[in-house]
Amino acid sequence: QDQRIAMDEIEKSISSGDMEGAGVAVLRVLPRLNLAGRYIAVAMQRLVPQIQQMSDELNDLALTVDNHIGKALRGNLGSTTIAQLTLLSDVQVLRVSLNRFIETATG
């Protein structure tokens, strides 16, 4: 649930043009995503390969969002509008992956 709230916070920050705030939110969620993936993989031995793959995907997607936020802050993603659209798309992909991970882990 906390990670889903973080996705909302990241999207709001990007939409309002607060790339630094979005970056900070991504950096706050990364360790929790990693820890959750490891914990769930251990707790659910039967799904370890699948959970580990999904956890790795989440981590990679969050790092991509963080990387793109850094580029946006440096002006390397084009105009503010283009940067926001790119980042919102990235966050949506991350959100879908997070939801799939949670459903698999709890299902």
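Just so you know, the residues in each chain are numbered from 1, in the order the chain's sequence is written. Local features in this predicted model are restricted to residues of pLDDT 70 or higher, and side-chain atom pairs are both shown and tallied only at a pLDDT of 80 or more, whereas totals for entire chains, interfaces and linings draw on every residue. As a rule here, side-chain values cover all heavy atoms of the structure and leave hydrogens and water aside.

A word on the overall build of the protein. Numbering of helices and strands runs from the N terminus, with a helix taken as a DSSP run of H or I at least four residues long and a strand as a DSSP run of E at least two residues long. Each helix and strand counted, the protein has four helices and zero strands in total. Along its sequence from the N terminus, the protein presents helices and strands in the succession α-α-α-α. Relative to its 107 residues, the protein shows a buried fraction of 42%. By sequence separation, contacts in the protein at least 24 residues apart represent 72% of the contacts at least 6 residues apart. Summary of the burial criterion: residues with accessible area below 20% of their type's maximum are buried, those above 50% are exposed, and those between are partly exposed, where the area comes from a 1.4 Å probe applied to protein chains only. Contacts are residue-level and defined by heavy atoms, with any inter-residue pair within 4.5 Å sufficient.

This next bit is on the packing of helix α3 (residues 48–73) against helix α4 (residues 80–106). In the contact formed by α3 and α4, the axes pass within 10 Å of each other and the chain directions differ by 165 degrees. Considered as vectors, α3 and α4 are oriented roughly antiparallel to each other. As α3 runs across α4, the sense of the crossing is left-handed. Under the convention adopted here, Pro, Cys and the residues Ala, Val, Leu, Ile, Met, Phe, Trp and Tyr are nonpolar, Asp, Glu, Lys and Arg are charged, and Gly plus all remaining residues are polar. Each residue belonging to the contact of α3 with α4 can be placed in one class, and the counts come to 16 nonpolar, six polar and three charged. Lines fitted to C-alpha atoms define the axes, with helix axes restricted to the stretch in contact, and inter-axis angles between N-to-C directions lie between 0 and 180 degrees. Any angle from 65 to 115 degrees is called roughly perpendicular, while one under 35 is roughly parallel, one over 145 is roughly antiparallel, and all others are oblique. The handedness criterion is simple: a crossing whose near helix is rotated anticlockwise from the far helix by less than a right angle is left-handed, and one whose near helix is rotated clockwise is right-handed.

This brings us to the nonpolar core. Judged by nonpolar contacts, the single largest core of 26 residues is most densely connected at M7, I10, I14 and I69. At the level of secondary structure, the elements contributing two or more residues to this core comprise α1 (2–15), α2 (19–43), α3 and α4. When sequence neighbours within four positions are dropped, the list of residues in contact with M7 reads V29, V91, L94, R95 and L98. In this description, a nonpolar core means a group of buried Ala, Val, Leu, Ile, Met, Phe, Trp, Tyr and Cys residues linked to one another through side-chain atoms lying within 4.5 Å.

We now examine α3. Since the α-helix advances by 3.6 residues per turn, residues separated by three or four positions end up pointing in the same direction. Here α3 is 26 residues long and its end C-alpha atoms lie 37 Å apart, about the 38 Å a rise of 1.5 Å per residue gives. Every buried residue of α3 is listed here: I51, M54, S55, L58, N59, A62, V65, H68, I69, G70 and A72. Taken from the residues just after α3, G75 is the one with a positive phi, measuring 80 degrees. Helix span is expected to be 1.5 Å times the residue number reduced by one.

With that settled, consider the pattern of salt bridges. Between side chains of opposite charge, a pair can form as their charged atoms come close. A pairing counts as a salt bridge when a side-chain nitrogen of Lys or Arg comes within 4 Å of a carboxyl oxygen of Asp or Glu. With the rule as written, the count across this model stands at four salt bridges. Between E9 and R28 there is a salt bridge, with its nearest N and O atoms 2.5 Å apart. Remark: R28 occurs in helix α2 and E9 occurs in helix α1; sequence separation between them is 19 residues. Note that R100 and E57 form a salt bridge whose closest N and O atoms lie 2.9 Å from each other. Here E57 lies in helix α3 and R100 lies in helix α4, a separation of 43 residues in the sequence.

Turning next to α4. Over its 27 residues, α4 extends 38 Å from the first C-alpha to the last, a length consistent with the 39 Å expected when each residue adds 1.5 Å. Taken as a whole, α4 has its buried residues at A83, Q84, L87, D90, V91, L94, R95, S97, L98, F101, T104 and A105.

A word on the packing of α1 against α4. At their nearest, the axes of α1 and α4 sit 10 Å apart, and the two run at 175 degrees to each other. Compared by their axis directions, α1 and α4 come out roughly antiparallel. Here Q3, R4, M7, D8, I10, E11, I14 and S15 of α1 lie close against α4, whose contacting residues are Q84, L87, L88, V91, Q92, L94, R95, L98, N99 and I102. Here the residues of the contact of α1 with α4 are counted per class, giving nine nonpolar, five polar and four charged.

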